[in-house]
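Geometric and topological summary
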Amino acid sequence: MTDKSDGRFAYDGIDRVIHEKARLSIVASLAAHPDGLLFTDLKDLCALTDGTLSRHLAVLHESGVVKVEKSFQGNRPQTWCKLTAAGRKRFAEYVSELERVVADAARRARAAPNPEHLGLA
């Protein structure tokens, strides 16, 4: 049986900028650290290389999700990363949409016939 209930499972609220695995790791890490993180700490938390983190931070920065600030601590350069207010809002909306995905899947799983009763298991 096909459910044709006007795109109920389209999930248009899934933010494609955030949804990519590495960017989701970055945004979730920054959401858990409201004051932001140093590039090296963020790299370690997300298990990313310097180049990969830089590339994904550029996408998130261009999209207005993350603010990247460069400074010096003594003679050493430091890069500080932080969610913007808009980024924090987008992440909250993204999480709400994922909660809807999970709730829909759970509801459908409970309503589905047990495959053992149909001889399919």
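A quick note: this is a predicted structure, and the numbers were derived from the prediction, not measured.

Moving on to the state of the cysteines. Evaluation of the coordinates by the stated rule reveals 0 disulfides. Between Cys46, a cysteine without a disulfide, and Cys81, which holds the nearest cysteine sulfur, the sulfur-to-sulfur distance is 9.7 Å. Accessibility expressed as a relative area gives 11% for Cys46, which makes it buried. For Cys81, a relative accessible area of 0% corresponds to the buried category.

Another aspect to go through is the packing of helix H2 (residues 21–32) against helix H5 (residues 85–111). What describes two packed helices is the angle between their axes and the distance between those same axes. Contact pair H2 / H5: the axes reach a minimum separation of 11 Å and the direction vectors enclose 110°. In terms of axis orientation, H2 runs roughly perpendicular to H5. H2 and H5 meet at a crossing whose hand is left-handed. Residues Leu24, Val27, Ala28, Leu30 and Ala31 of H2 touch H5, and the partners they reach there are Arg88, Phe91 and Tyr94. A breakdown of the residues in the contact of H2 with H5 according to their chemical character gives 7 nonpolar, no polar and 1 charged.

Here the focus is the side chain of Arg23. With respect to the helices and strands, Arg23 occurs in helix H2. Despite its burial, Arg23 remains without a salt bridge, the nearest opposite charge being carried by Glu20 at 4.4 Å. Ignoring sequence-local partners within four residues, the contact set of Arg23 consists of Arg16, Val17, Ile18, His56, Val59 and Leu60.

To continue, consider the packing of helix H3 (residues 39–46) against helix H4 (residues 50–62). Between H3 and H4, the least distance of the axes is 10 Å, while the angle of their chain directions is 105°. By the angle between their directions, the pair H3 and H4 is classed as roughly perpendicular. Contacts between H3 and H4 involve Phe39, Leu42 and Lys43 from the first element and Asp50, Leu53, Ser54 and Leu57 from the second. In the contact of H3 with H4, the residues fall into 4 nonpolar, 1 polar and 2 charged.

Here is what the cut-offs are and how they apply
Residues numbered from 1 in each chain as written. Predicted model: local features only at pLDDT ≥ 70, side-chain atom pairs only at ≥ 80, totals over all residues. Heavy atoms only, no water. Disulfide = S-S within 2.5 Å. Buried < 20%, exposed > 50% of the residue type's maximum accessible area, 1.4 Å probe, protein only. Axes fitted to C-alpha atoms, helices over the stretch in contact; angles between N-to-C directions. Helix = DSSP H or I, 4+ residues; strand = E, 2+ residues; numbered from the N terminus. Parallel < 35°, antiparallel > 145°, perpendicular 65-115°, else oblique. Left-handed = near helix turned anticlockwise from the far one by under 90°. Contact = heavy atoms within 4.5 Å. Nonpolar A, V, L, I, M, F, W, Y, C, P; charged D, E, K, R; others polar. Lys, Arg positive; Asp, Glu negative; His and termini not counted. Salt bridge = Lys/Arg side-chain N within 4 Å of Asp/Glu carboxyl O.

Keep in mind these values describe shape, not function.
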